[in-house]
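Analysis of the macromolecular model
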Amino acid sequence: MAEILLEGLSKRFGTEEVLAPLDLTIAEGSFVVVVGPSGCGKTTLLRLIAGLEEVSSGRVLIDGRDVTHTAAAARGLAMVFQSHALYPHMNVRENIGFPLKMAGRPAPEIAARVQAVASQLGLGDCLARKPCQLSGGERQRVAIGRALVRAPAAFLLDEPLSSLDAELRARMRLELARLHRALRTTMLLVTHDQIEAMTLAEQIVVLNAGRVEQTGAPLALYHAPCNRFVAGFLGSPTMNFIEGPEAERQGAHALGIRPEHLRVTRAQGLWPGRVDVIEALGAESFLHLSSGQGRLVARLDGSADLRPGETVWLTPAPAHLHRFDAAGRALPQRPG
Ligand SMILES: Nc1ncnc2c1ncn2[C@@H]1O[C@H](COP(=O)(O)OP(=O)(O)OP(=O)(O)O)[C@@H](O)[C@H]1O
């Protein structure tokens with residue numbers, strides 16, 4: 001287990017700055033998720049930490065040791081990639097044991113370590129199988145096992161779930177969370193999937209165009225985003241944004257209200273609206289509405305007793321109304 005400290009870490013490719021200098025502490029044993037849109041620099045950040053890319057400035061410290069110019073293999077970190085890249089001709093036992101074999105460890109030690117890791121990951125019954133005889137989730141666990149067998153100080157995971165289908169991804173999310181709880185090894189995962197970030201992270205780092213927008217606990221960011229980018233990036237369906245006279249009346253350039261905080265009633269409320277489409281999912285429904293404030297989405301528990309075309313009233317919950325200035329920065333909540 002290790003603490004990873006980044007100090008003023010930055011990266012330029014030629015004249016293009018893909019990561020502005022960033023400071024970040026990844027506490028020992030924690031699960032940190034870096035989330036951001038495609039091309040924002042997530043993979044580059046992992047590669048800098050892993051030692052697969054030279055930094056342009058700044059330092060990487062692992063447990064207080066400056067490893068900025070240390071070779072990747074000597075950093076004691078394990079990187080797990082999107083493509084699990086198992087050796088197809090080797091069985092699970094050989095795949096997991098491969099790094100120890102390469103390191104010239106004696107056969108009895110390899111056998112014992114592989115056995116221990118496989119039972120930790122619930123792979124004890126699959127040791128003789130080849131990758132093509134495994135499910136996607138099992139393959140993923142073998143890839144993690146191969147990293148785990150070297151007892152890494154920390155795991156760096158680059159979109160490890162993105163090649164899986166939706167159902168398996170949801171299952172593997174849970175498995176990763178369980179695994180982290182069992183191992184308590186420091187994990188840094190990068191993803192463009194905000195649901196993965198919200199459900200896995202103890203701490204989220206929102207990255208946008210090479211800059212850290214905000215860092216914090218998932219729900220802290222969800223409820224108190226520091227700007228419009230973070231507000232719009234976290235949450236699904238996304239936050240409703242309202243500009244124009246209504247926002248100005250409330251002393252802001254834009255208002256933000258999440259779908260679950262927009263009340264829909266037949267009795268008079270704040271803004272009139274019309275139901276365009278209802279997405280009924282059973283446990284919840286999403287109402288797509290037209291109003292003088294633009295198109296809005298509201299979330300209701302259960303099914304809605306409403307029909308498309310119906311006129312309704314919309315009222316945002318005042319305690320959950322976000323206000324943003326013209327630069328997109330969050331303004332303080334209005335008292336009352
Ligand atoms: N070796 C390189 N040379 C030049 N530019 C690069 C190189 N590697 C990455 N980039 C650029 O740096 C930026 C960040 O890339 P990076 O792969 O870190 O983004 P990402 O957030 O991981 O994206 P994605 O989610 O699509 O994988 C991109 O604009 C990319 O084109």
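Structure first, text after, so check above.
The structure contained in this document is the topic of the report that follows. Treat the numbers as computed from the prediction; the structure is a model and nothing was measured.

Analysis parameters
Residues numbered from 1 in each chain as written. Predicted model: local features only at pLDDT ≥ 70, side-chain atom pairs only at ≥ 80, totals over all residues. Heavy atoms only, no water. Helix = DSSP H or I, 4+ residues; strand = E, 2+ residues; numbered from the N terminus. Buried < 20%, exposed > 50% of the residue type's maximum accessible area, 1.4 Å probe, protein only. Contact = heavy atoms within 4.5 Å. Areas by Shrake-Rupley, 256 points an atom, 1.4 Å probe, with all protein chains shown as cover. Lys, Arg positive; Asp, Glu negative; His and termini not counted. Charge placed at Lys NZ, Arg CZ, Asp CG, Glu CD. Pairing = 2+ DSSP bridges. Axes fitted to C-alpha atoms, helices over the stretch in contact; angles between N-to-C directions. Left-handed = near helix turned anticlockwise from the far one by under 90°. Nonpolar A, V, L, I, M, F, W, Y, C, P; charged D, E, K, R; others polar. Near = heavy atom within 4 Å. Polar contact = N/O pair within 3.5 Å; in protein donor to acceptor, adjacent residues only side chain to side chain.

1. Regarding the overall build of the protein
When helices and strands are counted, the protein shows nine helices and 19 strands. Over its C-alpha atoms, taken along the principal directions, the protein stretches across nearly 75 × 45 × 35 Å. Sorting the 336 residues of the protein into buried and exposed places 49% on the buried side. A separation threshold of at least 6 residues defines the contact pool for the protein, and within that pool the share at least 24 residues apart is 63%. Counting only carbon and sulfur atoms, one obtains 52% of the accessible surface of the protein, whose full area is about 15,800 Å². Charged side chains in the protein number 36 positive and 34 negative. The centres of these two groups are separated by 3 Å.

2. Section: the sheet that holds strand β5 (residues 65-66)
One open sheet accounts for four strands, arranged β2-β1-β4-β5; its pairing is antiparallel. If you trace the sheet from one side to the other, it starts and ends with β2 (16-26) and β5, each paired once. Bridging between strand β4 (residues 57-62) and β5 involves two bridges; their strand directions are antiparallel. Its bridge partner lying in β5, Ile 62 is registered against Arg 65. Where helix α1 (residues 42-50) meets the sheet, its contacts fall on β1 (4-13), β2 and β4, and the angle it forms with β1 comes to roughly 120°.

3. A few points about the packing of helix α2 (residues 92-102) against helix α4 (residues 136-148)
It is the contact of α2 with α4, at a shortest axis distance of 7 Å, that shows an interaxial angle of 30°. Taken as a pair, α2 and α4 cross one another with a handedness that is right-handed. Here Val 92, Asn 95, Ile 96 and Pro 99 of α2 come into contact with α4, specifically with Val 142, Gly 145 and Arg 146. Of the residues that constitute the contact of α2 with α4, the class distribution is four nonpolar, two polar and one charged.

4. A look at the environment of His 322
For His 322, the location among the structural elements is in strand β18 (residues 322-324). Given the relative accessible area of 12%, His 322 is considered buried. It is 10.0 Å that separates the C-alpha atoms of His 322 and Asn 240, two residues lying 82 residues apart in sequence. Residues in contact with His 322, not counting those within four places in the same chain, are His 223, Pro 225, Met 239, Ala 254, Leu 255 and Gly 256.

5. Points about the site of the ligand
In the neighbourhood of the ligand, the contacting residues comprise Phe 13, Val 18, Pro 37, Ser 38, Gly 39, Cys 40, Gly 41, Lys 42, Thr 43, Thr 44 and Glu 159. Between the ligand and the protein, one listed contact pairs an oxygen atom with a side-chain N or O atom of Thr 43 at 2.8 Å. Of all the elements, α1 adds the most residues to the shell around the ligand, at three residues. A per-class count over the shell around the ligand returns four nonpolar, five polar and two charged.

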